[in-house]
Amino acid sequence: MILGNETTIRNVSGFSTEELKGIMDFLQGAVYCWCKNRPDEWFSIRNLMGGENFNWNGTPLQVLYDKHINRGLDDGEANNAAGKDCGWILKRVIHGDENRDFETKTESLVRHYKWVA
């Protein structure tokens, strides 16, 4: 659960309920790995699914990119839009977590989270 009053959650559409569940489960696993290995560090979607993890092919996240390519966006625009969608879904995952609490902050327009152990 997100502590404080930052609970605005946007819906992300363009894929099935099953695909959304797969995305959320995948992100939940990434969050728990981060919390296990870096419990006192802030993270964002960029930390979890960017950098060396930028290629989402073969993961449940691929549908986010495909959605924007199918809308006619070029590769760079589709990557950017898919990243934003993924960020909103991550916020939904963290807000709905009944087992852990998280602080949140925004820096340079990027939402960050930290597990409150």
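Going by the structure above, here's the rest.
Please read these numbers as outputs of a predicted model, since none were measured by experiment. (Residues numbered from 1 in each chain as written. Predicted model: local features only at pLDDT ≥ 70, side-chain atom pairs only at ≥ 80, totals over all residues. Heavy atoms only, no water.)

S.K.: Now, about the overall build of the protein chain: what can you tell me, with residues and values included?
M.R.: Within the protein chain one finds four helices and two strands. Expected size for 117 residues packed as a compact globule is a radius of gyration near 13 Å; at 14 Å, the protein chain falls within 12% of this value. Seen along its three principal axes, the alpha-carbon backbone of the protein chain occupies a region of about 40 × 30 × 25 Å. Per-residue burial for the protein chain yields a buried fraction of 35% across its 117 residues. Sequence-distant contacts in the protein chain: of pairs separated by 6 or more residues, those separated by 24 or more amount to 65%. Surface exposure of the protein chain reaches about 7,100 Å², of which carbon and sulfur atoms provide 47%. Side-chain charges in the protein chain split into 14 positive and 17 negative, and the spacing between the mean points of these groups amounts to 4 Å. (Helix = DSSP H or I, 4+ residues; strand = E, 2+ residues; numbered from the N terminus. Rg over C-alpha atoms; globule rule 2.2 N^0.38 Å. Buried < 20%, exposed > 50% of the residue type's maximum accessible area, 1.4 Å probe, protein only. Contact = heavy atoms within 4.5 Å. Areas by Shrake-Rupley, 256 points an atom, 1.4 Å probe, with all protein chains shown as cover. Lys, Arg positive; Asp, Glu negative; His and termini not counted. Charge placed at Lys NZ, Arg CZ, Asp CG, Glu CD.)

S.K.: Tell me about the environment of Arg46, and please be specific about residues and values.
M.R.: Mapped onto the fold, Arg46 is located in helix H2 (residues 45-49). On the basis of relative accessible area, Arg46 is assigned to the exposed category, the value being 61%. Here Arg46 is in contact with Gly51 and Val110, once residues within four sequence places are set aside.

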